[in-house]
Amino acid sequence: MSLVDQIQSDIKTALKEKDEKASLVLRSLSAAFKNKEIELGKREEGLSDVEVEAIILSEIKKRKEARQQYEKGGRSDLVEEEMAEEKILEKYAPEQMSEDKLEKIIDDIIEKTEAAGMQDIGKVMKEVMAQVGNNADGSLVSLLVRKKLQ
């Protein structure tokens, strides 16, 4: 069963169980899939699991950013709501790579590309992201690469 099919099945389950929060979040996720299909012209074949995972991670990131803004504004009610939505979405997100494993990959790529400093950050980032895909957060990768190249 593909990830999209699993989410569609979970939408039906949430609706049957009258779980309004889960059904709302999963329906908005499904709408994001449809929008991406239209954007990419993939209405017939649908999205790959890698594309679906990228959308899920993007939706989680949006919730985290909103939560941070609500925390700054002192809106604890909305912080709780965003956290609940994040928790629902995280069930479908790919498992994130450990920082140690990520550092090893970065070290290997720096050695392979013979990167000497910050001027090579683009080359290293491109290689690392191609290798780790959706299994690592881009901002964490960027932070680690910058730290290693300085």
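Criteria and thresholds
- Residues numbered from 1 in each chain as written.
- Predicted model: local features only at pLDDT ≥ 70, side-chain atom pairs only at ≥ 80, totals over all residues.
- Heavy atoms only, no water.
- Helix = DSSP H or I, 4+ residues; strand = E, 2+ residues; numbered from the N terminus.
- Buried < 20%, exposed > 50% of the residue type's maximum accessible area, 1.4 Å probe, protein only.
- Contact = heavy atoms within 4.5 Å.
- Areas by Shrake-Rupley, 256 points an atom, 1.4 Å probe, with all protein chains shown as cover.
- Lys, Arg positive; Asp, Glu negative; His and termini not counted.
- Charge placed at Lys NZ, Arg CZ, Asp CG, Glu CD.
- Expected span 1.5 Å × (residues − 1).
- Arc of directions from axis to C-beta.

**Quick notes on the overall build of the protein**
Link 1 in the chain: Across its full length, the protein carries seven helices and zero strands.
Link 2 in the chain: Reading the secondary structure of the protein in the N-to-C direction produces α-α-α-α-α-α-α.
Link 3 in the chain: Referenced to the eigenvectors of the C-alpha coordinate spread, the extents of the protein come out at roughly 55 × 45 × 25 Å.
Link 4 in the chain: A burial count over the protein gives 37% of its 150 residues as buried.
Link 5 in the chain: Within the protein, contacts between residues separated by at least 24 positions form 59% of all contacts whose residues are at least 6 apart in sequence.
Link 6 in the chain: Per element, the accessible surface of the protein, about 9600 Å² overall, is 48% carbon and sulfur.
Link 7 in the chain: In the protein, 26 positive and 33 negative side-chain charges are present, and the distance between their average locations comes to 2 Å.

**A look at the side chain of Asn134**
Link 1 in the chain: Take Asn134: it is sitting in the loop between helix H6 (121-132) and helix H7 (138-149).
Link 2 in the chain: With residues up to four places along the chain from it excluded, the contact list for Asn134 reads Val50, Glu53, Ala54, Leu57, Pro94 and Gln96.

**Comments concerning the environment of Glu37**
Link 1 in the chain: Inspection of the secondary structure puts Glu37 in helix H2 (residues 20-40).
Link 2 in the chain: In sequence terms Glu37 and Leu149 are 112 residues apart; their C-alpha atoms lie 38 Å from each other.
Link 3 in the chain: Every residue in contact with Glu37, bar those within four places of it in the chain, is listed here: Lys42, Arg43, Gly46 and Leu47.

**Quick notes on H6**
Link 1 in the chain: Here H6 spans 16 Å end to end across twelve residues, near enough to the 16 Å set by a 1.5 Å rise per residue.
Link 2 in the chain: Looking at H6, one finds that the buried residues are Ile121, Val124, Met125, Val128 and Val132. Projected onto a plane normal to the axis of H6, the buried residues spread over an arc of 100° and lie on a single side. Opposite the buried face of H6, by more than 90 degrees, sit the exposed residues Lys126 and Ala130.
Link 3 in the chain: Tucked into the core, H6 has its buried residues touching helix H5 (99-113) and H7.
Link 4 in the chain: Downstream of H6 by one or two residues, Gly133 has phi in the positive range, about 60°.

**Side note on the environment of Glu114**
Link 1 in the chain: By the element assignment, Glu114 lies in the loop between H5 and H6.
Link 2 in the chain: Its relative accessible area of 67% is what places Glu114 among the exposed residues.
Link 3 in the chain: As for Glu114 and Gln131, which are separated by 17 residues in sequence, their C-alpha atoms are 17 Å apart.

Take it as geometry only, folks, not as evidence of what the structure does.
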